[in-house]
Amino acid sequence: PGPWRLPDMKKREFVPMPHSDACERNKGPILEVLRIEFSGVTHVLEIGSGTGQHAVHFALALPGIVWQPSEQAEAMPGLRKRIFNEGPKNLRAPVAIDVTVTPWDVRRVDGVYTANTLHIMHWPQVQAFFANLPAVAKPGTVLAIYGPFRYGGQYTSASNASFDEMLRARDPGSGIRDFEAVDALARAAGFDFVADYPMPAHNQTLIWRSAMR
């Protein structure tokens, strides 16, 4: 008889822990805003959680909030790994959400957060994101959006103009969005503009709130 061998085992695919240097730099300043604007919020849906660094950081710092991360299906393995390895009890397992596909498989929430997504999404996806908010938002829901924006068609810095040029060269459907166009979508979805917080590196955190109907 031949030599004894272990039975063949199906190899498990190694999933690296995702990491973003930008998330590490901006999570502190964003948290300062969220402490103020999410002070009465109990359940947040994050759209486009990416590496999960924001989700973990905010859930740890805001233990009174249930934080629901989400991502597109192809980005879920790395996100799951971070959430399951680092997340506190108030950080829920991530769910797969494509903003253009309805209904979103989540409970109704009183907070929505997204960072650095609107300039990556194509405009029809941005429209779908806002159009689907009323189905998941409770009365008085706070909407917080972080990223670069233009105002009156003007960039807030030369670096943002260069960044926008790079985005559009890489993907013509992407690009830094005009605040006025985004605000119009928010208002159409039932959200009133509340505050604009200037952030480091020429970004903004914009806050809207839905009516207390």
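It should be noted that the structure appears before, not after, this text.
The model shown is predicted, which means the values in this text are computed figures rather than measured ones.

Conventions adopted
- Residues numbered from 1 in each chain as written.
- Predicted model: local features only at pLDDT ≥ 70, side-chain atom pairs only at ≥ 80, totals over all residues.
- Heavy atoms only, no water.
- Buried < 20%, exposed > 50% of the residue type's maximum accessible area, 1.4 Å probe, protein only.
- Helix = DSSP H or I, 4+ residues; strand = E, 2+ residues; numbered from the N terminus.
- Pairing = 2+ DSSP bridges.
- Expected span 1.5 Å × (residues − 1).
- Bend = angle between axes of the 7 residues up to and from the residue.
- Contact = heavy atoms within 4.5 Å.
- Axes fitted to C-alpha atoms, helices over the stretch in contact; angles between N-to-C directions.
- Core = buried A, V, L, I, M, F, W, Y, C linked by side-chain atoms within 4.5 Å.

Attention now moves to the pairing of strand 5 (residues 109-115). Burial within strand 5 is extensive, with seven of its seven residues counted as buried. Of the strand pairs in this sheet, strand 1 (residues 43-47) and strand 5 are connected by four bridges, and their pairing is parallel. Counterpart to Glu46 in the pairing with strand 5 is Tyr113.

Further remarks concern the environment of Arg213. Of note, Arg213 is situated in the segment after strand 10 (203-210). Taking the C-alpha atoms as reference points, Arg213 and Pro139, 74 residues apart in sequence, are found 5.6 Å from one another.

Of all eight residues that make up strand 10, seven are buried, and the element is covered over most of its length. As paired elements, strand 9 (residues 191-199) and strand 10 share eight bridges and run antiparallel to each other. Directly across from Ala195, in strand 10, lies its bridge partner Ile207. Following strand 9, the chain reverses through three residues before pairing antiparallel with strand 10; Ala201 in that reversal takes a positive phi of roughly 60°.

On to helix 1 (residues 21-37), then. For helix 1, built from 17 residues, the straight-helix expectation of 24 Å at 1.5 Å per residue is met to within 8% by its first-to-last C-alpha distance of 25 Å. The largest bend along helix 1 measures about 40° and falls at Lys27, with the proline Pro29 one to four residues further on. Of the surrounding secondary structure, the elements contacted by the buried residues of helix 1 are helix 2 (53-61), strand 2 (66-68), strand 5, strand 6 (137-147), strand 9 and strand 10.

This brings us to the sheet that holds strand 10. One key point about sheets: their strands pair by backbone hydrogen bonds, in either a parallel or an antiparallel sense. Read from one edge to the other, the open sheet built from six strands follows the order 2-1-5-6-10-9, with strand pairing classed as mixed. Of all strands in the sheet, those bounded by a partner on one side alone are strand 2 and strand 9. Direction aside, neighbouring strands of the sheet carry axes that sit 20° apart on average. Strand contacts of helix 1: strand 2, strand 5, strand 6, strand 9 and strand 10, with the helix running at about 145° to strand 9, the strand carrying the most contacts. In the packing of helix 4 (residues 123-131) onto the sheet, the strands contacted are strand 1, strand 5 and strand 6, and the crossing angle to strand 6 comes to about 150°.

What follows concerns the nonpolar core. Within the largest apolar cluster, 27 residues are counted, with the highest numbers of intra-cluster contacts made by Trp104, Leu118, Phe129, Phe130, Leu143 and Trp208. Contributing elements (two or more residues each) for this core: strand 1, strand 5, helix 4, helix 5 (133-136), strand 6, helix 7 (179-188) and strand 10. If one sorts the elements of this core by residue count, helix 7 sits on top with four residues. In this structure, Leu143 is in contact with Val112, Phe129, Phe130, Leu133, Phe191, Leu206, Ile207 and Trp208, ignoring residues within four places of it in sequence. Membership of the second largest hydrophobic core comes to 26 residues, among which are Leu31, Ile65, Ala115 and Ala195.

Let us now look at the environment of Arg209. Structurally, Arg209 can be placed in strand 10. Separated by 27 residues in the primary sequence, Arg209 and Val182 have C-alpha atoms spaced 14 Å apart. Those residues within four positions of Arg209 in sequence are excluded, and the remaining contacts are Glu37, Gly140, Thr141, Val142, Gly190, Phe191, Asp192 and Val194.

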